[in-house]
Each structure stands twice: as structure tokens, then as C-alpha cells.
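Given next are the chains, with one letter for each unit.
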Amino acid sequence: MSLANYADLQAAIAEWLGRETDAAILSRVPDFIRLCEAKLNRDLRSNKMEKRATALVNMLSDEPEFVSLPLDFQTMRRVRLNGVDGKPRLEFLSGQQADEFRARSGNAPGRPQFFTIFGDEMELIRTPDMAYTLEMVYRANIPALSNASPSNWLLSTSPDIYLYGALLETAPYIKEDERIATWAAGFKYALDSINQLSRDQAYNAGPMTARVSGATP
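Reading the values: rules and limits
- Residues numbered from 1 in each chain as written.
- Predicted model: local features only at pLDDT ≥ 70, side-chain atom pairs only at ≥ 80, totals over all residues.
- Heavy atoms only, no water.
- Helix = DSSP H or I, 4+ residues; strand = E, 2+ residues; numbered from the N terminus.
- Rg over C-alpha atoms; globule rule 2.2 N^0.38 Å.
- Buried < 20%, exposed > 50% of the residue type's maximum accessible area, 1.4 Å probe, protein only.
- Polar contact = N/O pair within 3.5 Å; in protein donor to acceptor, adjacent residues only side chain to side chain.
- Contact = heavy atoms within 4.5 Å.
- Salt bridge = Lys/Arg side-chain N within 4 Å of Asp/Glu carboxyl O.
- pLDDT = per-residue confidence, 0-100.

Engineer: Any chance you could explain the overall build of the protein here in plain terms?
Structural biologist: The helix and strand tally for the protein stands at seven helices and seven strands. Taking 217 residues into account, the globule formula puts the C-alpha radius of gyration at 17 Å, and the protein, at 23 Å, lies well above it. With the C-alpha coordinates aligned to their principal axes, the bounding extent of the protein is approximately 65 × 45 × 30 Å. Residues classed as buried in the protein amount to 39% of the 217 residues present.

Engineer: Teacher, can you tell me more about the side chain of N41 here?
Structural biologist: Among the structural elements, N41 can be located in helix α2 (residues 23–43). Within the local environment of N41, its side chain forms a polar contact with the backbone nitrogen of I142, the two atoms lying 2.8 Å apart. Setting aside residues up to four positions removed in sequence, N41 forms contacts with M49, Q74, R139, N141 and I142.

Engineer: Hey, could you run me through the pattern of salt bridges in this one?
Structural biologist: Note on pairing: side chains with opposite charge can pair once their charged atoms come close. As enumerated under the stated definition, the model contains ten salt bridges in all. R19 is the salt-bridge partner of D22, the closest N and O atoms lying 3.3 Å from each other. The residue E135 makes a salt bridge to R52 at a minimum N-O spacing of 3.5 Å. Of the two residues, E135 sits in strand β7 (residues 133–140) while R52 sits in strand β1 (residues 50–56), which places them 83 residues apart along the sequence. E135 gets classed as buried once you look at its relative accessible area, which sits at 6%.

Engineer: Just checking my understanding: could you explain the confidence of the model for the protein for this structure?
Structural biologist: Reading predicted coordinates in detail is not appropriate for stretches of low pLDDT. Here the protein averages 91 in pLDDT, and 93% of its residues register 70 or above. Within the model, pLDDT remains below 50 along residues 210–217, and this stretch shows two contacts once partners closer than five positions in the same chain are excluded.

Here it is in C-alpha cells:
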């Protein structure tokens, strides 16, 4: 059976369960897929989850130091100031460290040097003294499958992880089923393989070399 899209995946799950005509299970299949995606967002470490986005500091706002994060944001990889010579990178501070820096600096506006994450916003430290364009590289949540969005990069490249992952989430409904161990093994193999591939790709340009911090390239 093809797993080209969301409908195919739902049909395959029902078929593998042997419940193609079980209305109660069929109505739960979208839930199994969503639960699988939630687990993947926590455990998958594919480089395809990394995205780049830009955001403009709004100097017309009463709080220009707060910038909204992308809707699919999960964790930040790096933040740079576009349009500034050298595209300086902002360093991460914890909330407490940010408060301490503001106290030491008198909270004077200036070019941002640091950032912290506050809910669904990024807080810049210092408070911007002018409009800046931020370049963010971040880890994004996997685009959720739905009838309106029937495919994504993960289903296209690794349909097995979706199938085994969703089947594994059926365990509370099918109770004691000897196939659960097989599905768990299939899911783990697919997850480990994708994570290993991403680690390999991170270093495929050649061997790593030691470099002294702050040394001129």
C-alpha cells in the first residue's frame, strides 16, 4: 500500500490493525497520528527540522525588545543581526541573567547583544535603540498532517516512522497484542536511523579540526 499522503496513512493504519470496518478505531486514527507527531517532536533530531526566518524589531511598539517567535518554533539554534557589519551573533541568557545584565547596565537602550526566550516571544537585551532585522535559525515542529495538509517532508522521506509510530499509539485500545513489540522495534529503528543520518550529515564536509576560541580563521 502506498503511503503518499494523510489518507493513505490512515488507511494503512486501519489495514495493519485489521480494523478496516471498525468505526470506533477509524474515528481514533487521526488521534493516533497526532500522538505520534507529538512524540516525534520531542525525540526526532533530523536536520530537516531546522529552519531559517527573519524578524524585524518594531520600534513603534511600546516594548521593542520583544519579538514574536515563529508559530512552529521549538528551540533556538542561533540569532544574528542582519544588516550590521559582521552579522554579530546574539548570545543566550537565562531570564535571571537577563535581569542581572539590565540592572548592571541601567537598562540603557543600545544594539542588542543577548537574547532570552519568554513564552512565545524572544526578548532582546539590550533594548533595541533602532530597527534591526534578526536572522533566526531554529528547530521547528514537524508540520502536522491533516486533510488540509495531506503531506510533509517526514511522510515523504520516512513513511515507516509514521506508520509504526501511529500503530504504537493504538496500544491503549487494542490492549495485549503481540504485534506491539514489533511496532515498537520498527519505530525505534526508524527513529534511530534518521537521527544517525542527521549526525552523519552534520560532519560530511570532512574531519573536525580543533580551533582556539577567538582565534582568527
